[in-house]
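These are the residues of each chain, in order.
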Amino acid sequence: MIATETKAPSEAESNGHKSALTDGFHLVVDALKLNGIDTIYGVPGIPITDLARLAQAEGIRVISFRHEQSAGNAAAIAGYLTQKPGICLTVSAPGFLNGLVAVANATTNGFPMIQISGSSDRAIIDLQQGDYEELDQMNAAKPYTKAAFRVNKPEDIGIGVARAIHAAVSGRPGGVYLDLTSDVLSAALDADAGEKSLVHVVDPSPRQIPSPESIQRALDLLASAQRPLILLGKGAAYAQADADIRSFIEKTGIPYLPMSMAKGLLPDNHPQSAAAARSVVLAQADVVMLIGARLNWLLGHGKAPQWSPTARFVQVDISPTEIDSNRPIAAPVVGDIGSAMSAFLAMLKPGQIQPQTTWIKTIAERKEHNIERMAASLNANPSPMNFTSALRAIRDVLDDKPEIYVVNEGANTLDIGRNIIDMHEPRKRLDSGTWGVMGIGMGYAIGAAVTSGKPVVAIEGDSAFGFSGMEIETICRYSLPIVIVIFNNGGIYRGDDVNRSGGVDPAPMVFVKAARYDKLIEAFGGTGHHVTDPQGLAKALADALASGKPAIINCIIDPTAGTESGHIQNLNPKSQIGGAGK
Ligand code: ADP
Ligand code: TZD
Ligand code: MG
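Here the structure is a predicted model, which means the values were calculated and not measured.

Reading the values: rules and limits
- Residues numbered from 1 in each chain as written.
- Chains lettered and ligands numbered in written order.
- Predicted model: local features only at pLDDT ≥ 70, side-chain atom pairs only at ≥ 80, totals over all residues.
- Heavy atoms only, no water.
- Buried < 20%, exposed > 50% of the residue type's maximum accessible area, 1.4 Å probe, protein only.
- Helix = DSSP H or I, 4+ residues; strand = E, 2+ residues; numbered from the N terminus.
- Pairing = 2+ DSSP bridges.
- Right-handed = clockwise from strand over helix to strand, strands pointing away.
- Near = heavy atom within 4 Å.
- Polar contact = N/O pair within 3.5 Å; in protein donor to acceptor, adjacent residues only side chain to side chain.
- Areas by Shrake-Rupley, 256 points an atom, 1.4 Å probe, with all protein chains shown as cover.
- Nonpolar A, V, L, I, M, F, W, Y, C, P; charged D, E, K, R; others polar.
- 1 Å grid on protein atoms, 1.4 Å probe; cavity = no way out; pocket = protein on both sides within 12 Å on 5 of 7 lines; lining within 4 Å.
- Points joined across faces, edges and corners; volume = space filled by probe spheres on them.
- Donors = N, O, S within 2.8 Å, 3.2 Å for Na, K, Ca; no water.
- Phe/Tyr/Trp six-rings, centres within 6.5 Å; stacked < 30°, edge-to-face > 60°.
- Lys NZ or Arg CZ within 6 Å of the ring centre and 35° of its normal.
- Patch = residues over 30% accessible without salt bridge, like charges linked within 9 Å, V, L, I, M, F, W, Y side chains within 5 Å.
- Salt bridge = Lys/Arg side-chain N within 4 Å of Asp/Glu carboxyl O.
- Axes fitted to C-alpha atoms, helices over the stretch in contact; angles between N-to-C directions.
- Disulfide = S-S within 2.5 Å.
- Contact = heavy atoms within 4.5 Å.

*Asks:* Mind laying out the pairing of strand β6 (residues 147-151), listing which residues take part and the relevant values?
*Replies:* Here is the key point about a regular strand: its side chains alternate between the two faces of the sheet. In terms of burial, β6 is largely enclosed, as 5 of its 5 residues are buried. Side chains Ala147, Phe149 and Val151 project from β6 onto one buried face, and the interleaved Ala148 and Arg150 project onto a second face that is buried too. Note that β6 and strand β7 (residues 175-181) share 5 bridges and pair parallel. Across the sheet, the residue bridging to Ala147 is Val176, located in β7. What joins β6 to β7 is helix α8 (residues 157-169), and the crossover it makes is right-handed.

*Asks:* Explain the site of ligand 2 residue by residue, including any values.
*Replies:* Near ligand 2 there are 17 residues, and of these Asn412, Thr413, Gly436, Asp462 and Ala464 occur at the shortest range. Between ligand 2 and the protein, one listed contact pairs an oxygen atom with a side-chain N or O atom of Asn489 at 3.0 Å. In isolation ligand 2 exposes 600 Å². Once the protein is present, 76% of that is buried. Going through the elements one at a time, α18 (412-420) and α20 (462-466) are the ones with two or more residues in the shell around ligand 2. A total of 3 residues in the shell around ligand 2 trace back to one element, the largest contributor, which is α20. Its residues placed into classes, the shell around ligand 2 shows 8 nonpolar, 8 polar and 1 charged.

*Asks:* Please give an account of empty space enclosed by the protein that cites residues and values.
*Replies:* Counting across every chain of the model gives 2 cavities of 30 Å³ or more. Considering only enclosed or pocket space, the largest cavity measures out at about 60 Å³ in volume. In terms of lining, the largest cavity is formed by Leu398, Lys401, Pro402, Ile404, Val406, Ile421, Asp422, Met423 and His424. In terms of lining, the second largest cavity is formed by Ile40, Tyr41, Gly42, Val43, Pro44, Ala52, Val62, Ile63, Ser64 and Leu89. Of all elements in the fold, only β2 (39-42) and β3 (61-64) reach the threshold of two or more residues within the lining of the second largest cavity. A per-class count over the lining of the second largest cavity returns 8 nonpolar, 2 polar and no charged.

*Asks:* Now, about the coordination of the magnesium ion (ligand 3): what can you tell me, with residues and values included?
*Replies:* At the metal site, the magnesium ion (ligand 3) is ligated by Asp462 (OD), Asn489 (OD1) and Gly491 (O), and these contacts range over 2.1 Å. Binding-site remark: the magnesium ion (ligand 3) is held by donors from one chain whose sequence spacing is D-x26-N-x1-G. Taken as a pair, Asp462 in helix α20 and Asn489 in the loop between β17 (482-488) and α22 (517-522) lie far apart in primary sequence, 27 residues in all. Neither Asp462 nor Asn489 differs from the other in exposure class; each is buried.

*Asks:* Any chance you could break down the packing of aromatic side chains for me, citing the residues and the numbers?
*Replies:* All told, the structure shown has 9 aromatic pairs when counted by the stated rule. Judged by centre distance (5.9 Å) and plane angle (85 degrees), the ring pair of Phe465 and Tyr517 falls under edge-to-face. Separated by 52 residues along the polypeptide, Phe465 in helix α20 and Tyr517 in helix α22 bring together distant segments of the chain. Exposure remark for Tyr517: the relative accessible area of 14% places this residue in the buried category. The ring of Tyr405 has Lys428 lying over it, and the distance from NZ or CZ to the ring centre is 4.8 Å.

*Asks:* A description of a nonpolar patch on the surface should follow, citing residues and the corresponding values.
*Replies:* Taken together, the side chains of Trp297, Ile568 and Leu571 present a nonpolar region at the surface, about 260 Å² in accessible area. For Leu571, the location among the structural elements is in the segment after β19 (551-556).

*Asks:* Residues and numbers for the site of ligand 1, please.
*Replies:* As a structural note, the neighbourhood of ligand 1 is formed by 18 residues, with Arg172, Lys234, Arg294, Asp317 and Ile337 the closest of them. Here Arg172 contributes a side-chain N or O atom positioned 2.8 Å from an oxygen atom of ligand 1. The backbone of Ile337 places a nitrogen or oxygen atom 2.9 Å from a nitrogen atom of ligand 1. Burial of ligand 1 by the protein amounts to 95% of the accessible area it has alone, namely 580 Å². Ranked by residues supplied to the shell around ligand 1, first place goes to helix α12 (residues 234-238) with 3 residues. Its residues assigned to classes, the shell around ligand 1 shows 6 nonpolar, 7 polar and 5 charged.

*Asks:* Which residues make up the sheet that holds strand β4 (residues 86-90), and what values go with them?
*Replies:* Hydrogen bonding along the main chain pairs the strands of a sheet, whether they run parallel or antiparallel. Strand order in the open sheet made by the 6 strands is β3-β2-β4-β5-β7-β6, with parallel pairing throughout. One side of each edge strand has no neighbouring strand; the edge strands of this open sheet are β3 and β6. Across the sheet, the mean angle from the axis of one strand to that of its neighbour is 25 degrees, orientation sign disregarded. Taken together, the 7 bridges between strand β5 (residues 113-119) and β7 define a ladder with parallel strand orientation. Residue pairing in the sheet places Met113 in a bridge with Gly175 of β7.

*Asks:* Give a description of the state of the cysteines that names residues and reports values.
*Replies:* Under the counting rule described, the total for this entry stands at 0 disulfides. There is no disulfide at Cys476, and the cysteine sulfur nearest it, in Cys555, is 19 Å away.

*Asks:* Quick one: what's the story with the environment of Trp297, residue by residue and with numbers?
*Replies:* Relative to the helices and strands, Trp297 resides in the loop between β11 (287-291) and β12 (312-317). For Trp297, a relative accessible area of 33% puts it in the partly exposed group. When the C-alpha positions of Trp297 and Tyr405 are compared, they lie 26 Å apart, and in sequence the two are 108 residues distant. Dropping the residues within four chain positions of it, Trp297 is found in contact with Thr434, Gly436, Ile568 and Leu571. Looking at Trp297, its side chain comes within polar contact range of the main-chain oxygen of Thr434, at 2.9 Å.

*Asks:* How would you explain unusual backbone geometry if you had to name every residue and give the values?
*Replies:* Cis geometry is adopted by the peptide bond preceding Pro47, which originates at Ile46 and carries an omega value of 5 degrees. Locating Pro47 in the fold gives a position in the loop between β2 and α3 (49-57). In this structure, the amide linkage connecting Ser383 to the following residue, Pro384, adopts the cis form with an omega of -5 degrees. Among the secondary structure elements, Pro384 is positioned in the loop between α16 (357-379) and α17 (387-398). With phi around 50 degrees, Gln128 is a residue other than glycine that occupies positive phi space. Looking at where Gln128 falls in the secondary structure, it is placed in the loop between α6 (122-126) and α7 (137-141). Positive phi values are uncommon outside glycine, yet Asp203 reaches one of about 50 degrees.

Quick look at the structure:
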């Protein structure tokens, strides 16, 4: 709504001319509402305090955080879950920079979000004369975003918001920066002209229909395969083409592997899942179909020894420049996954693709073997608890609650969690993603709870939790149904490292022993649980979920149970002369 009544009469009005006025604050809120934005995540302050207040007054839900990085992470995951850009609102310079980490992470992961930041006086910034919170924010944002814009005139707010939305959700989604100067926010404008300047964005993420030739080429390649494999990435989850993806996998009988955030696209107990035979299928597949997954470090860049050097690839991706980025792609399919999967289904002939029966048998045997091999450690009850026994307890509680979101970060807590916690529904697992970043936990949990209204269980390493832990106040303030399980092993990877100098300082990897994280949330009215065995953990989790209220479960894990860097120890540089840090 354009504000007319609430404003003091302008000079023109008091002189007898009747022309209603609006201002930049109102135009920003109007532009967002016009484009279906219903939630803003942010931290208020100069110059956007009134913008946050007004947005709330005008019916936008405003979730106010303790740190901009978490607000940005919430916006990013809201974008991933809804295909609409999540909005993060920040103050100038330091607030902007705090939020920028989340925007960069969103861009890296392909999540659509827009960081809107107020900024100081351009004339002073550009002459570097030392304004309050002075920073050339738009140029600082450029390297980390898909696009960065600045609005310098109030009549350009509508266009600025429209450009930001298009940039965030078209093609490969990503983080966008929109700079609003203080002058633009406070500027007055004729209300009619203001309203006319707004833009209702039409079809911001247009379908990108792949060429029929590319579909045919890919089907021919898959038909020639003896040991085909499908790899589902989080692009496939984002696309929300769940039924067609499942139908293609089931009609072709091709075994599939989900990347971490694609877990649940098909239920993890699906008979065609090859997750429990991962290394064998990667090494032996002769034709691999990537659906919304990049051949980056998480997939060994598609190279030997993880992959067969002779394997040939189909890649379905919206970004044409992703093709051939790490390894030659024999059959690129450039388009959106929804359009691509319906084209595949339309052109697939019955019986055209037939994985060899020996391939299916090899995978089934390997799965059985690996599951048996894991069973002993999965069912063990060591005291103190280790990662596996604690995760088993969580798995069992969540097993009949497929609607619950699982957020997961840490090192061992993440890597072992990914393997043990089965997902049954798409887009329910949210984790450290492409960067393996710590600090997404509370932001993702809040974003998921706010957009869905569903419960969230955040399974957090004790280090990982610390990066965004203060947001437990935010969680309590908005009474969000979030249960945080902290895997407290007293440190980064492990809790038993020692100071090699023999001095009194603790080693860089360890924290206060047996810290009472459960007591933190009590300060804000949440419930704390302190558990030391799987039965206690299962009961606390079931109780916390039943209450629907914020809770922390401080879960004491053997400090010696973890592996350095979890499953990616090999990425630590090893000194060529040996001995560093030992
Ligand atoms: P993962 O980490 O799960 O392997 P990545 O983030 O590496 O997944 O890859 C996701 C890929 O999906 C990106 O290359 C991105 O361009 C692509 N993508 C995202 N959305 C779509 C879509 N709607 N249609 C097609 N490709 C998409
Ligand atoms: N900072 C950021 C932003 N991201 C990171 N990934 C790291 C630092 C380095 N790092 C990891 O890669 S995992 C991790 C750090 C600090 C924490 C591991 O400890 P944890 O998990 O307590 O969260 P476990 O269960 O003890 O392994
Ligand atoms: Mg830890």
